[in-house]
Amino acid sequence: MSTPMVITAAMVGAETTREQTPHLPITAEEIAEDAVRCREAGAAMVHLHVRTPDGKPSQDTELFRAAIRAIRKRTDILIQVSTGGAVGMNVDERCGGLRLTGEDRPDMATLTTGTVNFGDEVFWNPRPLVRDIARRIKALGLRPEFECFDVGMVDEARALAKEGVAELPGHFDFVLGVPGALTAREDALDFMIKSLPEGSTWTVAGVGRHQLPFVELAAERGGNARVGLEDNIYVSKGVLAKGNWELVAEAVKRAKAKGRTLATPQEARRLLRLDAPTA
Ligand code: KMH
Ligand code: ZN
């Protein structure tokens, strides 16, 4: 039996707009409704950003709280909050989701481990800022998903572990195909996998038209995949996905065609070591 595949739905993001797709969920209720359908389609986790009512990207703690409560009222899907936010946010803004404790605490948080060109902008992650966010994630008792837009960011996770601000083996997300960063190429994926610290797990998020083909590459390699409107709005050429759930359903179809089964949230929790103590 192969390892069950963890499908993550990156549902909202900071860049996708309602002008690009009317199917982008914005309110807590819209996010929860789509999350329920993502779970039914086979996703085990959502990667979450939030928006103000007029659709602007936000990392506001109370908006996260509302979305997390709405999701948890209706489904057991795991919730990973973004600490990336939108380009230009300061570190305190970015960490809004990390101020949630008790029953509102997320299950996981992202940690981008280096600076990268992001289209015509710069996603700014100098080393002290990365360590600041790593410490906040650890203080909350969470494990990060190392968000890697290039291979040097995988190496940086080793430095964080050496300094004691993160643990290895860890879970990595390879984001491939952002203009200005590492291209979504099969050999790039293989190099990322080869560069991983021993025993680590990985997910790949192909951006734009690369999203669904990279689900298949991940499935063939025993890895995991992220799909969703944060990274791609089309389910096929020129056809808008009617919600994140439709991208999850298509990913699941492709994963199953490659012989993979899908992880439940409970299995994903075990596979990604979310309950391992953060020393
Ligand atoms: N919106 C990007 C600038 C994350 O969520 O951790 C960063 C991002 C990464 O989306
Ligand atoms: Zn994100």
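Above this text you will find the structure in question.
Residues numbered from 1 in each chain as written. Chains lettered and ligands numbered in written order. Predicted model: local features only at pLDDT ≥ 70, side-chain atom pairs only at ≥ 80, totals over all residues. Heavy atoms only, no water.

J.: Explain empty space enclosed by the protein to me, please; I cannot follow it from the model alone.
T.: Taking a probe equal in size to a water molecule and rolling it over the atoms shows the remaining empty space. Within this structure, the stated rule accounts for two cavities of 30 Å³ or more. If you go around the largest cavity, the residues you meet are Leu111, Ala134, Ile137, Lys138, Leu142, Arg143, Pro144, Val165, Ala166, Glu167 and Thr278. Counting residues per element, the lining of the largest cavity draws most heavily on helix 4 (residues 127-139), which supplies three residues. For the lining of the largest cavity, the per-class residue count stands at seven nonpolar, one polar and three charged. As for the second largest cavity, its lining consists of Met108, Arg143, Pro144, Phe146, Glu167, Pro169, Gly170, His171, Leu272 and Arg273. When the residues that make up the lining of the second largest cavity are grouped by side-chain class, the tally is five nonpolar, two polar and three charged. (1 Å grid on protein atoms, 1.4 Å probe; cavity = no way out; pocket = protein on both sides within 12 Å on 5 of 7 lines; lining within 4 Å. Points joined across faces, edges and corners; volume = space filled by probe spheres on them. Helix = DSSP H or I, 4+ residues; strand = E, 2+ residues; numbered from the N terminus. Nonpolar A, V, L, I, M, F, W, Y, C, P; charged D, E, K, R; others polar.)

J.: Would you explain the nonpolar core in this entry?
T.: Here is a general trend for soluble globular proteins: nonpolar side chains tend to be buried in one another's company. Counting residues in hydrophobic clusters, the biggest one holds 83 residues, and the most contacted among them are Met5, Ile7, Ile71, Phe149, Phe174 and Leu176. Not counting residues within four places of it along the chain, the set of residues in contact with Ile7 comprises Gly42, Ala43, Ala44, Met45, Ala225, Val227, Val248, Ala251 and Leu262. Listed in part, the ten residues of the second largest apolar core include Ala263, Ala268, Leu271 and Leu272. (Core = buried A, V, L, I, M, F, W, Y, C linked by side-chain atoms within 4.5 Å. Buried < 20%, exposed > 50% of the residue type's maximum accessible area, 1.4 Å probe, protein only. Contact = heavy atoms within 4.5 Å.)

J.: What am I meant to see in the site of ligand 1 here?
T.: Looking at ligand 1, the residues that line it are Ala14, Glu15, His47, His49, Ser82, Gly84, Gly85, Val87, Thr110, Phe118, Phe123 and Glu230. Taking Glu15, its side chain carries an N or O atom lying 2.8 Å from a nitrogen atom of ligand 1. One of the side-chain N or O atoms of His49 is found 3.0 Å from an oxygen atom in ligand 1. For ligand 1, whose accessible area on its own is 300 Å², the fraction buried by protein is 98%. (Near = heavy atom within 4 Å. Polar contact = N/O pair within 3.5 Å; in protein donor to acceptor, adjacent residues only side chain to side chain. Areas by Shrake-Rupley, 256 points an atom, 1.4 Å probe, with all protein chains shown as cover.)

J.: Would you explain the pairing of strand 11 (residues 201-206) in this entry?
T.: For a regular strand, the rule is simple: side chains alternate between the two faces of the sheet. With six of six residues buried, strand 11 lies mostly within the body of the structure. Residues of strand 11 alternate between two faces, with Thr201, Thr203 and Ala205 on one and Trp202, Val204 and Gly206 on the opposite face, all of them buried. Both strand 10 (residues 171-176) and strand 11 contribute to a ladder of six bridges, which runs parallel. Bridge pairing in strand 11 places Leu176 opposite Gly206. What joins strand 10 to strand 11 is helix 6 (residues 186-194), and the crossover it makes is right-handed. As paired strands, strand 11 and strand 12 (residues 224-227) are joined by two bridges and run parallel to one another. Following the sheet pairing, Thr203 is matched in strand 12 by Asn224. (Pairing = 2+ DSSP bridges. Right-handed = clockwise from strand over helix to strand, strands pointing away.)

J.: I keep staring at the pattern of salt bridges and nothing clicks. Help me out?
T.: Should their charged atoms come close, side chains of opposite charge can pair. With the rule as written, the count across this model stands at 30 salt bridges. One salt bridge in this structure joins Asp190 and Arg221, with 2.7 Å as the shortest N-O distance. Taken together, the residues span a long stretch of sequence, with Asp190 in helix 6 and Arg221 in the loop between helix 7 (211-220) and strand 12 at a distance of 31 residues. Since its relative accessible area comes to 32%, Asp190 is described here as partly exposed. In this structure, Arg254 and Glu216 form a salt bridge, with 2.7 Å as the shortest nitrogen-oxygen distance. Of this pair, Arg254 sits in helix 8 (residues 244-257) while Glu216 sits in helix 7, and the two are 38 residues apart along the sequence. Using a relative accessible area of 24% as the deciding quantity, one classes Glu216 as partly exposed. (Salt bridge = Lys/Arg side-chain N within 4 Å of Asp/Glu carboxyl O.)

Taken by themselves, the reported measurements are silent on function.
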